[in-house]
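Structure assessment
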Amino acid sequence: MKSIYKITLLLGITILVSSCHDTSKPNYQYMPNMYEGVTYGTYSESAAFKNGKEGQLPVEGTINRGFEVYEYPNTPEALIAVKSANLKSPLGTLSDKDMEKAKGLFEIYCAICHGVGGNGQGKLVTQGKFLGVPNYKDRVINEGSIFHVETYGLNLMGSHANQLSKRERWMVAAYVMELKNK
């Protein structure tokens, strides 16, 4: 009797195992969305967005978290207005520690073109990669105009607003003024 149970059990397991493997038919997927995720192509239209657009725009009048509004637009007229308004740094007089940090930031982001001394003879200029980088002593600049140019860029110089916070840009502007006055 025990052997009949053993034979039946062995026969049942054999049938069960062999029935699961059929090379002529694909296996069943009980939850296909777990195996094959919904993907969207970059910059492609999608039904996931309103009207099949590429993406959603932020609500009008909103600003990014942590973004600080700068009241002057990116225009040549605004740069002239900043120069004539003699815009000053809201940080006031910087401590020696802050000036040391400003010097480090200047050497990282600015000295490659403007030179360590602000003479317009940075490594890229001396190698001939860029020409016409100004010497700070020859320019009519103030802290506000330096901040404005750091924020928006000017001519070949790009914006540094993504690399430097508002406070750091004001610190670098103070350091540039110190270089100009030396």
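Structure first, text after, so check above.
This section reports on the structure supplied with the text. Every chain is numbered independently, its residues counted from 1 as its sequence is written. Per-residue local features of the predicted model are confined to residues with pLDDT of at least 70, and side-chain atom pairs are confined, for both listing and counting, to 80 or more; whole-chain, interface and lining totals are unaffected and use all residues. Computation of side-chain values: all heavy atoms of the structure, hydrogens and water removed.

1. Thoughts on the nonpolar core
For soluble globular proteins, nonpolar side chains are generally found buried alongside one another. Definition in use: Take the buried Ala, Val, Leu, Ile, Met, Phe, Trp, Tyr and Cys residues and link them wherever side-chain atoms come within 4.5 Å; each set so joined is a nonpolar core. The cut-offs for exposure are 20% and 50% of the maximum accessible area for each residue type, with area from a 1.4 Å probe on protein chains only; residues under the lower value are buried, those over the upper are exposed, and the others partly exposed. Helix and strand definitions follow DSSP, with helices as H or I runs of at least four residues and strands as E runs of at least two, each counted in order from the N terminus. It only takes one pair of heavy atoms within 4.5 Å for two residues to be counted as in contact.
Counting residues in each nonpolar core, the largest one holds 19 residues, and the members touching the most others are Phe 106, Tyr 136, Ile 141, Ile 146, Val 172, Tyr 175 and Val 176. Elements that contribute at least two residues to this core include exactly helix H4 (96-109) and helix H8 (166-181). Broken down by element, the residue count for this core peaks at eight residues, all from H8. Ignoring sequence-local partners within four residues, the contact set of Ile 146 consists of Ile 141, Ala 173, Val 176 and Met 177. Membership of the second largest hydrophobic core comes to seven residues, among which are Tyr 72, Ala 78, Leu 87 and Phe 147.

2. Digging into the packing of helix H7 (residues 143-152) against H8
For the record, the criterion: Helix axes are fitted to C-alpha atoms over the stretch in contact, other axes to C-alpha atoms as well, and angles between N-to-C directions run from 0 to 180 degrees. For classification purposes, an angle smaller than 35 degrees is called roughly parallel, one larger than 145 roughly antiparallel, one from 65 to 115 roughly perpendicular, and anything else oblique. When the near helix sits turned anticlockwise from the far one by under a right angle, the crossing is termed left-handed; a clockwise turn instead gives a right-handed crossing.
Between H7 and H8, the least distance of the axes is 9 Å, while the angle of their chain directions is 130°. Between H7 and H8, the crossing angle belongs to the class labelled oblique. As for how H7 packs across H8, the hand of that crossing is right-handed. On H8, the residues that touch Glu 143, Gly 144, Ile 146, Phe 147, Glu 150 and Thr 151 of H7 are Lys 166, Arg 169, Trp 170, Val 172, Ala 173, Ala 174, Val 176 and Met 177.

3. Considering the layout of surface pockets
Counted only if it meets this: Grid spacing is 1 Å over the protein atoms alone, the probe is 1.4 Å, and a cavity is where that probe fits but cannot get out, while a pocket is an open set with protein on both sides within 12 Å along at least five of seven lines and lining residues have an atom within 4 Å of a point. Grid points are joined across faces, edges and corners, and a volume is the space filled by probe spheres set on the points. Residues were grouped as follows: Ala, Val, Leu, Ile, Met, Phe, Trp, Tyr, Cys and Pro as nonpolar; Asp, Glu, Lys and Arg as charged; and all remaining residues, including Gly, as polar.
Taken as a whole, the largest pocket holds about 670 Å³ of empty space. As for the largest pocket, its lining consists of 27 residues, of which His 114, Pro 134, Val 149, Leu 154 and Met 157 are closest to the centre. Going through the elements one at a time, helix H3 (76-85), H4, helix H5 (111-114) and H7 are the ones with two or more residues in the lining of the largest pocket. Here the residues of the lining of the largest pocket are counted per class, giving 18 nonpolar, six polar and three charged. As a volume, the second largest pocket reaches approximately 220 Å³. Every residue lining the second largest pocket is listed: Gly 66, Phe 67, Glu 68, Tyr 70, Thr 151, Tyr 152, Ala 161, Asn 162, Leu 164, Ser 165, Lys 166 and Arg 169. Residue assignment for the lining of the second largest pocket shows that the elements contributing at least two residues are H7 and H8. When grouped by side-chain class, the residues that make up the lining of the second largest pocket number five nonpolar, four polar and three charged.

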